[in-house]
Each structure stands twice: as C-alpha cells, then as structure tokens.
Amino acid sequence: MQISKALIGALSVATAFLGSTAAHAEGEVNIYSYRQPELIQPLLDAFTKETGITTNVLFLDKGLVERIQAEGANSPADVILTVDISRLTEAKDAGVTQPVVNETINKDIPEHFRDPDGNWFGLTTRGRVVYASKERVAQDEITYEDLANPKWKGKICTRDGQHSYNVGLFASMIAHHGEAETEKWLAGLRDNLARKPDGGDRDQAKAIFAGECDVALGNSYYVGRMMTNEKEPEQKDWAAAIKVLFPNAKDRGTHVNISGMALAKNAPNKENALKLMEFLSEGEAQKIYAEQVFEYPVLPGVETSEVVKSFGEIKPDTLPLAKIAANRKKASELVDKVGYNEGPQD
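Read on for a plain summary of the structure.

Parameters at a glance
Residues numbered from 1 in each chain as written. Predicted model: local features only at pLDDT ≥ 70, side-chain atom pairs only at ≥ 80, totals over all residues. Heavy atoms only, no water. Helix = DSSP H or I, 4+ residues; strand = E, 2+ residues; numbered from the N terminus. Rg over C-alpha atoms; globule rule 2.2 N^0.38 Å. Buried < 20%, exposed > 50% of the residue type's maximum accessible area, 1.4 Å probe, protein only. Contact = heavy atoms within 4.5 Å. Lys, Arg positive; Asp, Glu negative; His and termini not counted. Charge placed at Lys NZ, Arg CZ, Asp CG, Glu CD. Core = buried A, V, L, I, M, F, W, Y, C linked by side-chain atoms within 4.5 Å. Pairing = 2+ DSSP bridges. Salt bridge = Lys/Arg side-chain N within 4 Å of Asp/Glu carboxyl O. Axes fitted to C-alpha atoms, helices over the stretch in contact; angles between N-to-C directions. Parallel < 35°, antiparallel > 145°, perpendicular 65-115°, else oblique. Left-handed = near helix turned anticlockwise from the far one by under 90°. Nonpolar A, V, L, I, M, F, W, Y, C, P; charged D, E, K, R; others polar.

## Overview of the overall build of the protein chain
So, step 1. Looking only at helices and strands, the protein chain has 15 helices and eleven strands in total.
So, step 2. Relative to the globule expectation of 20 Å for 346 residues, the C-alpha radius of gyration of the protein chain, 20 Å, shows essentially globular dimensions.
So, step 3. Burial status across the protein chain gives 56% buried among its 346 residues.
So, step 4. Partitioning the contacts of the protein chain with sequence separation of at least 6, the portion at a separation of at least 24 is 79%.
So, step 5. Where the 40 positive side-chain charges of the protein chain centre and where its 51 negative ones centre are 3 Å apart.

Shown next, in the form of structure tokens:
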C-alpha cells in the first residue's frame, strides 16, 4: 500500500497506514521513505519478484523521524530510506534506528559509505559538482579551492548556503582544511557570487543559460533530470548550456553525498527488513536504483546509466561521510559567520 504525498500531513493518517495486524503479517516489509515512491518502485517490484515479500511504502516529504518517535515502540516502520547524510545521522541521533551487522551488506557497501556503528548505509552517491558554461568557460578542470579565486568574481551562482547540500560540501572542506582556512575560503566564495544565493540546483543551471553567471555548484543527478525532462522541456536547454566539472579530480576527489537506508529501531518485520537491505546493497538493485535517480552505485563494479556516463568520470572523495557529518554544525555556523547568504561584501 502506498500513501501519496497529498494525503500526508495530518497525524490522523497514521491509522490508515498499516494497522497492527498488517504490520506484523508474514511476508511484508514496511518502508518509511523520504524518497518519492516512483523513484523506488522499480526496486521494490524487483525485490517482491525475487522474494515474494510485499512492500508497503509511506512517503513523507518532512517529519519522518518525528513520526517514528511519536509512534514509539508500536511503530510499523521496518526500513528507513532517505537522501543526504544529514538525514541519516539525524535518524541515528534521534534513536529511531538500530545497528546492523550483516556480512552481505558490509561486503557490498564500502566502509566510508556506512556508519561505523552500523546504523545507516549508503546506497547511491551524487557528486557536488560544478556546472560551467560551455560558451564562457574554457577550462575542463577545477578545484573547490579555486572557487574562491578572485578571477571568478561576479561569476558564481549557488543556492542557499544553509541548504544541506552546501553544508555537506562546506563540512568536507573543514575536514580537509580545518575551520580557519575554510572560513577564509567561504568568504572568498561569497565575494565571487554573482547574486545572493537563491533557488535550487536546477535554477543555477538556468542562471548560467541566461548569462547571469558562468559557474555554479550543483548536484550531478540534476543534470540527468534536466536532460530527460519531458514535462518541462526548457530544462533540456539549461542542461545543454552547461558542462559538468568534477572538482579536485587530480587530488582528493569530488565531494559526494548519499542516498541511504537504515533499520528502524522497533522493526516488527526485522527478518524481512534485513532481506530488503541485503537486496538493496547487491548488484541488480544497485543498477536499477542508480539508473532511476541518475546517481552512482556504491557497489564497486556496477555500471552507471548512459546519461550519467555522459557527464564524464567521477573520482569520489573517500573521506568517510561520518567524519564529514561531524563537521556539519561548524559548517552551518560558518555560513552565518561570513554572511554567505547576504552575497558579496566588497
């Protein structure tokens, strides 16, 4: 059973999702997901076909952790699916997950893409890349550090500095360079902005297309979404106007974030939940998932989609995401300290 986004919002809906009998029925697994149902349904269909286990999905666009906390020990949640390291660590810190020690999962998912305590696991990655104008930017290589170079003054666009995607990147800079150097870098990036941070990642590509800036920060998968957007075909023009540059390709690699999974603390169908988690970590599911969302599989050796291949080759930063997550609070504080969202100050 699936509950649409439109039906979620009132807690009264809780009783409509999986009564106690269904929650404990054999042959089912209950998924609480921040990821849209249409993106994960092909995965779940493949899982059901292989195992015979029925999947029930509750999609929430916000408040997933709070929902599970409110449900307490009687929560029907078995598996949590979400995007971004911040939401995975939020779930762990809130005490709504439980550790998993599983030979299959640990073999498939590289150590730097999983929680040291086994409370969350990455499934796909996306690069925090640079969108660059094909017309106005000649270079095909760049580093994050270079974005603070005055040569880019008035030529960079980004979304809100406090957005989790940017906070993750800034936290990785702290992990590599320390807080003081990152503060200087962030101030330099701020002063190179063409305008105050605004919009989403696709809006940054639109701004490059419109000539408002030459380079921008954005997640790699948005390029695939724009390239294939039949409902809003103007986005294909935005994608055609940019090239993807993978920062720091010749040294530490490009900062990546993840979509991931966790086992819910009070999972009533734990055995089935672990079967689903094992399935999601293996080759077939990795390929399906990555193709659906234009991201990169975490399982080494699984090929990306043809669309993603067209971006070029990514060399991911192998710094453990848990270390990056530990610097997110400092990164957020630096965004405010330098007045990043106020735009250029000189």
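## Here we look at the nonpolar core
So, step 1. One finds Y131, F170, L186, L189, M261 and L280 to be the most contacted residues of the largest nonpolar core, which totals 102 residues.
So, step 2. Ignoring sequence-local partners within four residues, the contact set of Y131 consists of D201, A205, I208, D214, V215, A216, G218, N219, Y222, V223, I242 and K243.

## Some details on the environment of L123
So, step 1. Here L123 is to be found in strand β6 (residues 121-133).
So, step 2. Apart from residues no more than four positions distant in its own chain, L123 is found in contact with L81, S259, G260, M261, L280, S281, Q286, Y289, Y296, P297 and V298.

## Quick word on the pairing of strand β10 (residues 256-264)
So, step 1. Within β10, nine of the nine residues are buried, which leaves the element mostly enclosed by the surrounding structure.
So, step 2. The sheet contact formed by strand β4 (residues 79-83) and β10 spans five bridges and is antiparallel. Bridge pairing in β10 places L81 opposite M261.
So, step 3. With six bridges connecting them, β6 and β10 associate as antiparallel partners. Each bridged residue has a counterpart across the sheet, and for F121 the counterpart in β10 is M261.

## Description of the pattern of salt bridges
So, step 1. If you walk through the whole model with that rule in mind, you get 24 salt bridges.
So, step 2. The shortest N-O distance in the salt bridge between E295 and R126 comes to 2.9 Å. With E295 in the loop between α12 (283-293) and β11 (296-297) and R126 in strand β6, this residue pair connects regions lying 169 residues apart in the sequence. Each member of the pair, E295 together with R126, is buried.
So, step 3. The partner of K337 in a salt bridge is E183, with the nearest N and O atoms 3.2 Å apart. Of this pair, K337 sits in helix α15 (residues 328-337) while E183 sits in helix α7 (residues 179-191), and the two are 154 residues apart along the sequence.
So, step 4. Its relative accessible area of 58% is what places K337 among the exposed residues.
So, step 5. Owing to a relative accessible area of 25%, E183 belongs among the partly exposed residues under this scheme.
So, step 6. What you see here is one network of salt bridges that share partners, running through R35, R126 and E295.

## A short note on the packing of α7 against α15
So, step 1. Axis separation between α7 and α15 bottoms out at 10 Å; the angle between their running directions is 40°. In terms of orientation, α7 and α15 fall into the oblique class. The hand of the α7/α15 crossing is right-handed. For the pair formed by α7 and α15, the contact residues are E179, T182, E183 and L186 on the first element and K330, L334, V335 and K337 on the second.
So, step 2. Taken together, the residues of the contact of α7 with α15 sort by class into three nonpolar, one polar and four charged.

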